[in-house]
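Listed here are the chains, written in short residue letters.
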Amino acid sequence: MFLDTRVLRHLTAEDWKVLAAVEMGSKNHELVPTPLIERMSRLKGGVSGVHRSIATLAKSGLIGRMKEAKYDGYRLTYGGLDYLALHTHSSKDVVYSVGSRVGVGKESDIMIVADKTGKQKILKIHRLGRISFRTVKSNRDYLRNKQGGSWMYLSRLAAMKEYAFMQALQEEGFPVPEPINQSRHTIVMSLVESLPLRQVSSVPDPASLYAELIDLILRLAKHGLIHGDFNEFNILIKEERTNKYTIEDGEEKETETVTLVPIIIDFPQMVSMDHVNAEMYFDRDVECIKRFFKKRFHFVPTQPGPFFKDAKKTVGKDGAKRLDAAVEASGFTKKMLKELEKAIQEQQAKIDAGEAVEEDELDEDEDEEDDNEDDSDDEEDEEDQQEEEEQAVFEIPASVGRPLS
Ligand code: ADP
Ligand code: MG
């Protein structure tokens, strides 16, 4: 299941109105009754126009019917929600074209997009609740629950939380992508020309990169935050080049210095330093970096720690703004944070246990129960996994970090 934008430009203003009506109706109905869609669309042409649009949208997979429904109605699919979000981004001139998919996580799709000037950006589409657990009925019911736990609601919460943190972190000068826009379950941010740390096979000075990453963990803590998934996939390594001009023996000489700059991404699971399990999350982030540096760079720090109890003492010190509180103050309630945390944890637990199966049903015309339906996405998943294993690992040359002669 991924974004297919082929129909995007063929939709009429009426189609968009009807799609928006289905979205609006979804707030209170799992299946939006057709008469309600007719009323909320407010089309000048009347009901027949609505029906035409419904047919177009259903054919394009943007809305779907449910088998065995008790009444006639439609619900929004992931595709439909994607389109609405893209429509908003494009009406704000944030996105003009959608390019290739650069990454697919269990919980998101990452696409390259561009604005009218051709400037490339990243579109992150949250897919929380995409995965179903065919073996675990209760979980599935939870994710599909009409109100609190629906996939649409959870994915939107994840995007809102991620965007709010990205903004707050940027304001405090943390190295994060620039947040550009958020709509529904999607975020547009700046494209960081970089490699995930995961793909870096060697660095000239592991000790200094390690120190920088630990420093980032401590800086976050000082602002009341724990990343919660501080691993080699969520740390992007950017090469920053600076040129220096000097005069030597009457001749101008140019030297280029390349510095490695870590940029942090992926924030839906961030937790407060006051969280009941804060120590566990903090230690896990630290351990993750240690383990990776040992395995990949054979680097083992001489000092133990850092320890949660010491970091805890620094929270809010030296005038550091509490970003955990700031985000809560921005309208993110404790209840929302709890719901999101629960969904992320449950999803992660199933992924870890290898029980998760990619969910197609949200895009399907009906409710499925059997396992022998179209499995193409599962296959795609396996391919993705394989691709990841085969991914080249790049070496950052030793010249990096000091002037190139
Ligand atoms: P997920 O929640 O699925 O893990 P991430 O936000 O971690 O999603 O993004 C997944 C991958 O996409 C990253 O590991 C990185 O390779 C790429 N990516 C994400 N955001 C950016 C960005 N702003 N610039 C460049 N690459 C990015
Ligand atoms: Mg990630």
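Our structure is the block above this text.
Summary of the structure given here. Fair warning: this is a prediction, and the values are worked out from it, not measured in the lab.

Side note on helix H4 (residues 78-91)
For step 1, the next point in the chain: Taking 1.5 Å per residue as the helical rise, H4 with its 14 residues ought to reach 20 Å, and the 20 Å between its terminal C-alpha atoms agrees with that figure.
For step 2, the next point in the chain: With respect to burial, H4 is a largely interior element, 10 of its 14 residues being buried.
For step 3, the next point in the chain: Those residues of H4 that sit buried are Tyr78, Gly79, Gly80, Leu81, Asp82, Tyr83, Leu84, Ala85, Leu86 and His89.
For step 4, the next point in the chain: In the stretch just after H4, Asp93 is the one whose phi turns positive, near 60°.

What to know about the coordination of the magnesium ion (ligand 2)
For step 1, the next point in the chain: Within the protein, the atoms that donate to the magnesium ion (ligand 2) are Asn234 (OD1) and Asp266 (OD), at distances of 2.1 Å. Pair noted here: Asn234 is in the loop between strand S12 (225-226) and strand S13 (235-248) and Asp266 is in the loop between strand S14 (251-264) and strand S15 (271-272), with a separation of 32 residues, a long-range link.
For step 2, the next point in the chain: For Asn234, a relative accessible area of 6% translates into the label buried.

Some remarks on the packing of helix H7 (residues 206-222) against helix H8 (residues 278-297)
For step 1, the next point in the chain: Remark: H7 packs on H8, axes separated minimally by 11 Å, with the N-to-C direction vectors making an angle of 170°. On the basis of their axis angle, the class for H7 and H8 is roughly antiparallel. Residues Pro206, Leu209, Tyr210, Leu213, Ile214, Ile217, Leu218 and Ala221 of H7 touch H8, and the partners they reach there are Phe282, Asp285, Val286, Ile289, Lys290, Phe293 and Phe297.
For step 2, the next point in the chain: Split by residue class, the contact of H7 with H8 holds 13 nonpolar, no polar and 2 charged.

Some details on the sheet that holds strand S1 (residues 32-33)
For step 1, the next point in the chain: Strand order in this open sheet of 3 strands is S1-S3-S2, and the pairing throughout is antiparallel. What marks the edges here is a single partner per strand, and that holds for S1 and strand S2 (63-64).
For step 2, the next point in the chain: By the bridge criterion, 2 bridges tie S1 to strand S3 (residues 73-76) in an arrangement that is antiparallel. Looking at S3, one finds that Pro33 is bridged to Gly73.
For step 3, the next point in the chain: Along the sheet, helix H1 (residues 13-26) makes contact with S1, S2 and S3, crossing S3 at roughly 90°.

Things to note about the environment of Glu172
For step 1, the next point in the chain: Assignment of secondary structure puts Glu172 in the loop between helix H6 (151-171) and strand S8 (179-183).
For step 2, the next point in the chain: When the C-alpha positions of Glu172 and His223 are compared, they lie 9.1 Å apart, and in sequence the two are 51 residues distant.
For step 3, the next point in the chain: With sequence-adjacent residues up to four places away left out, Glu172 is seen in contact with Arg219, His223, Lys321 and Leu323.

A look at the site of ligand 1
For step 1, the next point in the chain: Close to ligand 1 lie 16 residues, the nearest being Ser108, Lys124, Phe233, Asn234 and Asp266.
For step 2, the next point in the chain: Separating an oxygen atom of ligand 1 from a backbone N or O atom of Phe233 is a distance of 2.9 Å.
For step 3, the next point in the chain: Relative to its unbound accessible surface of 550 Å², ligand 1 loses 83% to contact with the protein.
For step 4, the next point in the chain: Secondary structure elements with two or more residues in the shell around ligand 1: strand S5 (108-114), strand S6 (120-126) and strand S9 (186-190).
For step 5, the next point in the chain: Here the shell around ligand 1 is built from residues that sort into 10 nonpolar, 4 polar and 2 charged.

Digging into the packing of aromatic side chains
For step 1, the next point in the chain: With the rule as written, the count across this model stands at 9 aromatic pairs.
For step 2, the next point in the chain: Ring centres 6.3 Å apart and planes at 75° place the aromatic pair Phe292 and Phe293 in the edge-to-face group.
For step 3, the next point in the chain: Consider the rings of Phe293 and Phe297, whose centres lie 5.1 Å apart with planes at 70°: the pair is edge-to-face. In this pair, Phe293 and Phe297 both sit in helix H8, 4 residues apart, roughly one turn of the helix.
For step 4, the next point in the chain: On the basis of relative accessibility, which here comes to 11%, the residue Phe297 falls in the buried class.
For step 5, the next point in the chain: Connected via pairs of aromatic rings, a cluster forms that spans Tyr210, Phe292, Phe293, Phe297 and Phe299.

Rules used throughout
- Residues numbered from 1 in each chain as written.
- Chains lettered and ligands numbered in written order.
- Predicted model: local features only at pLDDT ≥ 70, side-chain atom pairs only at ≥ 80, totals over all residues.
- Heavy atoms only, no water.
- Helix = DSSP H or I, 4+ residues; strand = E, 2+ residues; numbered from the N terminus.
- Expected span 1.5 Å × (residues − 1).
- Buried < 20%, exposed > 50% of the residue type's maximum accessible area, 1.4 Å probe, protein only.
- Donors = N, O, S within 2.8 Å, 3.2 Å for Na, K, Ca; no water.
- Axes fitted to C-alpha atoms, helices over the stretch in contact; angles between N-to-C directions.
- Parallel < 35°, antiparallel > 145°, perpendicular 65-115°, else oblique.
- Contact = heavy atoms within 4.5 Å.
- Nonpolar A, V, L, I, M, F, W, Y, C, P; charged D, E, K, R; others polar.
- Pairing = 2+ DSSP bridges.
- Near = heavy atom within 4 Å.
- Polar contact = N/O pair within 3.5 Å; in protein donor to acceptor, adjacent residues only side chain to side chain.
- Areas by Shrake-Rupley, 256 points an atom, 1.4 Å probe, with all protein chains shown as cover.
- Phe/Tyr/Trp six-rings, centres within 6.5 Å; stacked < 30°, edge-to-face > 60°.

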